[in-house]
Amino acid sequence: MTNIFGLNLTELTSLITDLNLPKFRAKQIIEWLYQKHATSFNEMTNLSKDLREKLAQEFTIERAKSCDRLDSSDGKTTKFLLEFGDGIGVETVLMRQPYGNSICVSSQAGCNMGCSFCASTLHGMARNLSTGEILAQAMFIQELLNQTGEQINNIVIMGSGEPMLNYDNVLNFIRLVHEPYCLNLGYRNITISTSGIVPGINKLAQENLPITLSISLHAPNNELRTELMPINKRYPIEEVIKAAVNYANTTKRRITYEYILIDKYNDNMTEAVELCKLLKNQLALANVNLIPINPVKERNYNRPSLARIKAFAKYLNDHHLTATIRQEMGTDIQAACGQLRNKHLAK
Ligand code: SF4
């Protein structure tokens, strides 16, 4: 049976007309799926009983179920462990920020990129997520927000997984949440984060959608970056920056460079100087997001002191490179990606 959760209107219309049903039925069904959050055909009360039974014989609606949840002590961040039909679990996070509700979704179950500071990669990657499974994460949270009359304002694809290695499903998800019959979210409110898969960045630039691109940089030179992120051997830092500049020039969107600060490792003044040199030709198009590391107990990386964090940020800003220190949310609930999932895998 075909799962219809995650299809767009064109795809659903094609399935519906194959059953010799009129096109307008697809529109009705899609409203039930994405606006009225139906979980079964039986709930679709503007369809006849016969039709509901027929649809249930042909199609399924596969959603995600929650198997764990952690709330931060300030009540602003909630992390969910969501499970799909085959028992695979992924993490999804809701962050209530002053400028709206942001959610962070996963694109793969686990990750095989091997970044040394990341808990998501410790058990490798189980599989890619389908468009419907990425959407199911967003819809799970939207349903919670419906209870208080709120909505999702921003989506970041920054949970577990490398989105560029699940390109088609991720792009279909982005296009789908943009649709008025789905979440009606502007492309500018969507961020895709990559470890630096150059062909993926170039392909995304050609789509010419004003999505925010976020590059996990984390070091200003190849030696240090390769230690932190093995993917740097395949796509060295200069190539990643070149692709990012091309993306910024094509889409007219600023690039966010994510930089995890690890105590006395990549947070010295030497690295601050190198970082400014690396990005000196794109000061107007770059924004550096400094993220004090959430220590991962399996690794020996420590969080820098506040004084070191501020000094690093000040150097960049003094040299006309916009740098912000990420507002810390949910540290007390292990907000670093992968840690909740790993707890359950260990069980
Ligand atoms: S940081 Fe991102 S790309 Fe790197 S291992 Fe973690 S999930 Fe994968």
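Residues numbered from 1 in each chain as written. Predicted model: local features only at pLDDT ≥ 70, side-chain atom pairs only at ≥ 80, totals over all residues. Heavy atoms only, no water.

- By the naming in an unreviewed UniProt entry, the protein goes by Probable dual-specificity RNA methyltransferase RlmN and is assigned to Megamonas funiformis YIT 11815.
- Under the Sequence similarities (unreviewed entry) heading, UniProt states for the protein: "Belongs to the radical SAM superfamily. RlmN family."
- Of the comments in the UniProt record for the protein, the one headed Subcellular location (unreviewed entry) reads "Cytoplasm". (UniProt positions renumbered as here; feature names shortened; annotations may be inferred.)

1. A few points about the overall build of the protein
Consideration 1: Helices and strands together make up the secondary structure of the protein, namely 12 helices and 14 strands.
Consideration 2: Compactness check: the protein gives a C-alpha radius of gyration of 21 Å against a globular reference of 20 Å for 347 residues, within 12% of the reference.
Consideration 3: Evaluated residue by residue, the protein yields a buried proportion of 54% over its 347 residues.
Consideration 4: When the accessible surface of the protein is split by element, carbon and sulfur atoms take 49% of a total near 15300 Å².
Consideration 5: Charged side chains in the protein number 37 positive and 34 negative. The centres of these two groups are separated by 3 Å. (Helix = DSSP H or I, 4+ residues; strand = E, 2+ residues; numbered from the N terminus. Rg over C-alpha atoms; globule rule 2.2 N^0.38 Å. Buried < 20%, exposed > 50% of the residue type's maximum accessible area, 1.4 Å probe, protein only. Areas by Shrake-Rupley, 256 points an atom, 1.4 Å probe, with all protein chains shown as cover. Lys, Arg positive; Asp, Glu negative; His and termini not counted. Charge placed at Lys NZ, Arg CZ, Asp CG, Glu CD.)

2. Examining the domain arrangement of the protein
Consideration 1: Annotation of the protein at the domain level lists domain 1 (2-60) and domain 2 (65-346).
Consideration 2: In this complex, domain 1 contributes nine residues to the contact, which on the side of domain 2 involves 12 residues.
Consideration 3: In terms of surface lost to domain 2, no three residues of domain 1 exceed F5, Y34 and H37, which account for 56% of the buried area on that side.
Consideration 4: At the boundary of domain 1 with domain 2, the tally comes to zero salt bridges.
Consideration 5: Across the contact surface, domain 1 and domain 2 share five residue pairs in polar contact (both at pLDDT 80 or more).
Consideration 6: Its residues placed into classes, the side of domain 1 that touches domain 2 shows five nonpolar, four polar and no charged. (Domains from an automatic or database assignment. Contact = heavy atoms within 4.5 Å. Buried area = accessible area lost by both parts, 1.4 Å probe. Salt bridge = Lys/Arg side-chain N within 4 Å of Asp/Glu carboxyl O. Polar contact = N/O pair within 3.5 Å; in protein donor to acceptor, adjacent residues only side chain to side chain. Nonpolar A, V, L, I, M, F, W, Y, C, P; charged D, E, K, R; others polar.)

3. Brief notes about the side chain of S216
Consideration 1: By secondary structure assignment, the location of S216 is in strand β11 (residues 212-216).
Consideration 2: Once residues lying within four places of it in the same chain are set aside, the contact partners of S216 are S193, T194, S195, R225, M229 and E258.

4. Observations concerning the pattern of salt bridges
Consideration 1: All told, the structure shown has 15 salt bridges when counted by the stated rule.
Consideration 2: With a closest N to O distance of 4.0 Å, K203 and D168 form a salt bridge. Note that K203 is positioned in helix α6 (residues 198-207) and D168 in helix α5 (residues 167-178), a separation of 35 residues in sequence.
Consideration 3: The exposure class of K203 is partly exposed, given its relative accessible area of 38%.
Consideration 4: A salt bridge links D263 to R308; its shortest N-O distance comes to 3.4 Å.

5. Remarks on helix α9 (residues 237-251)
Consideration 1: Look at α9: 21 Å from first C-alpha to last across 15 residues, which is about the 21 Å you get at 1.5 Å a residue.
Consideration 2: Remark: K252 follows α9 within two positions and exhibits a positive phi of approximately 60 degrees. (Expected span 1.5 Å × (residues − 1).)

6. Re the sheet that holds β11
Consideration 1: Spatially, the 10 strands line up as an open sheet ordered β3-β4-β5-β6-β9-β10-β11-β12-β13-β14, and their pairing is mixed. A single partner strand is all that each edge strand has here, and the edge strands are β3 (65-71) and β14 (322-325). The mean angle between the axes of side-by-side strands here comes to 20 degrees, regardless of whether they run parallel or antiparallel.
Consideration 2: Examined bridge by bridge, β3 and strand β4 (residues 77-83) share six bridges and lie antiparallel to one another. Bridge pairing links D68 to L81 in β4.
Consideration 3: Most of the contacts of helix α4 (residues 131-146) go to strand β5 (residues 89-97), to which it runs at about 40 degrees, and overall it touches β3, β4, β5, β6 (100-105) and β9 (154-157). (Pairing = 2+ DSSP bridges. Axes fitted to C-alpha atoms, helices over the stretch in contact; angles between N-to-C directions.)

7. Some thoughts on the UniProt feature "binding site: [4Fe-4S] cluster" (unreviewed entry) in the protein
Consideration 1: In this numbering, the UniProt entry assigns the feature "binding site: [4Fe-4S] cluster" (unreviewed entry) to C111, C115 and C118.
Consideration 2: For C111, the contacting residues outside a window of four places in its chain are S120, T121, G124, M125, G161 and E162.
Consideration 3: Along the chain, C118 falls in the loop between β7 (108-110) and β8 (125-128).
Consideration 4: C118 sits in the buried class, given a relative accessible area of 16%.

8. Re the UniProt feature "active site" (unreviewed entry) in the protein
Consideration 1: The UniProt record annotates "active site" (unreviewed entry) at E91 and C337.
Consideration 2: Within the secondary structure, E91 sits in strand β5.

9. Comments concerning unusual backbone geometry
Consideration 1: Positive phi is not limited to glycine here, since N184 has a value of about 55 degrees.
Consideration 2: Accessibility expressed as a relative area gives 52% for N184, which makes it exposed.
Consideration 3: Non-glycine residue H320 carries a positive phi angle of around 65 degrees.
Consideration 4: Inspection of the secondary structure puts H320 in the loop between α11 (306-318) and β14.
Consideration 5: Classification of H320 as exposed rests on a relative accessible area of 60%.

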